[in-house]
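Coordinate analysis (summary)
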Amino acid sequence: MRAIGYGAAATTAAALAAAGVLYGQAGLARREIPRAEAPPPPGDGRYGTKFGGEPITLVMLGDSTAAGYGVRRPRETPGALLATGISRRLRRPVDLRRLAVPGATSDRLWHQVEAALELHPDLAVILIGANDVTHRASVDAAVRHLVRAVRALRAAGAQVVVGTCPDLGTVRPIAQPLRWVTRRWSRRLAAAQTVAVVAEGGRTVAFADLL
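A brief report on the enclosed structure follows. (Residues numbered from 1 in each chain as written. Predicted model: local features only at pLDDT ≥ 70, side-chain atom pairs only at ≥ 80, totals over all residues. Heavy atoms only, no water.)

A count of helices and strands for the protein chain gives eight helices and six strands. A burial count over the protein chain gives 39% of its 211 residues as buried. A fraction of 81% describes how many contacts in the protein chain between residues 6 or more apart in sequence connect residues 24 or more apart. Surface exposure of the protein chain reaches about 12100 Å², of which carbon and sulfur atoms provide 57%. (Helix = DSSP H or I, 4+ residues; strand = E, 2+ residues; numbered from the N terminus. Buried < 20%, exposed > 50% of the residue type's maximum accessible area, 1.4 Å probe, protein only. Contact = heavy atoms within 4.5 Å. Areas by Shrake-Rupley, 256 points an atom, 1.4 Å probe, with all protein chains shown as cover.)

Structural data, given as structure tokens:
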């Protein structure tokens, strides 16, 4: 019994030590990763005004990735780039509304969806997941919130494209073993997002494979 007690104590101590290392590395990463100097620039408006036809309504939902945090010009935001590309490809104007909020997690997505539904969007693009990893949110809970969002948008007649969670293990200031942990967690969330979104009739883009 004494040996079992020593073993349990040693295991607990090792777990606490490992947790301490991970929290310490997370703190260092937060200090080393540069922050944007200003909020993302607005990009709302009509793109492709030279084209005729009924405008396509595009809404951008999600976190700072969707908002364009870190860029300096409205035309550089993801929404503006997509609106420009879609208008040129389809030769129709595109009305862009950016509803994404920097720092948003999946459990804060619904308020954006409610605002989007009032606009009767033709296309909704959702970029979400990174903050769920950094906030250590449950994968199941994060996916459940995403499913609710996709389901509501699809029911309203919108096409939905979700950019799944990026691989945070590629962020260089994150050291090992935290990098390994964040990579595994990111890819697990991305895989779960993909399965759930496709089941609801949406489409996905695997950011972890592209970036």
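Attention now goes to the sheet that holds strand 4 (residues 123-127). Across a sheet, paired strands are connected by hydrogen bonds in the backbone, their directions being either parallel or antiparallel. Judged by pairing direction, the sheet is mixed, and its six strands sit side by side in the order 1-3-2-4-5-6 without closing on themselves. Bordering the open sheet on either side are strand 1 (45-47) and strand 6 (203-205), each of which pairs with just one other strand. Across the sheet, the axes of successive neighbouring strands diverge by a mean angle of 25°, strand direction being ignored. Summarising the sheet, strand 2 (residues 56-62) and strand 3 (residues 94-98) pair through five bridges and their orientation is parallel. Bridge pairing in strand 3 links Val59 to Arg97. Its contacts with the sheet put helix 3 (residues 78-90) on strand 1, strand 2, strand 3 and strand 4, and the angle it makes with strand 2 is roughly 155°. (Pairing = 2+ DSSP bridges. Axes fitted to C-alpha atoms, helices over the stretch in contact; angles between N-to-C directions.)

Glancing now at the pairing of strand 2. Moving residue by residue along a regular strand, the side chains alternate between the two faces of the sheet. Most of strand 2 is tucked away, with seven of its seven residues classed as buried. Pairing of strand 2 with strand 4 involves five bridges; the strand directions are parallel. For Gly62, the partnering residue across the bridge sits in strand 4 and is Leu127.

Right, let's get into helix 3. Helix length check: helix 3, at 13 residues, gives a terminal C-alpha distance of 18 Å against a target of 18 Å (1.5 Å per residue), a fit within 8%. Within the span of helix 3, buried status applies to Gly79, Ala80, Ala83, Ile86 and Ser87. Seen along its axis, helix 3 keeps its buried residues to an arc of 135°; they face one direction. Residues Leu81, Arg88 and Arg89 are exposed on helix 3 and point more than 90 degrees away from its buried face. Buried residues along helix 3 sit against strand 1, strand 2, strand 3 and strand 4. Immediately beyond the C-terminal end of helix 3, within one or two residues, lies Arg91, with a positive phi of roughly 55°. (Expected span 1.5 Å × (residues − 1). Arc of directions from axis to C-beta.)

Tracing the sequence through the fold places Thr57 in strand 2. With relative accessibility at 17%, the residue Thr57 sits in the buried group.

Looking now at the pattern of salt bridges. Tallied over the full model, the rule gives five salt bridges. Arg151 serves as the salt-bridge partner of Glu200, at 2.7 Å between the closest nitrogen and oxygen. Taken as a pair, Glu200 in the loop between helix 7 (178-199) and strand 6 and Arg151 in helix 6 (residues 139-155) lie far apart in primary sequence, 49 residues in all. Judged by its relative accessible area of 22%, Glu200 is partly exposed. Taking the shortest distance from any N to any O, the salt bridge between Asp167 and Arg187 comes out at 3.3 Å. Of this pair, Asp167 sits in the loop between strand 5 (159-163) and helix 7 while Arg187 is found in helix 7, placing the two residues 20 residues apart along the sequence. (Salt bridge = Lys/Arg side-chain N within 4 Å of Asp/Glu carboxyl O.)

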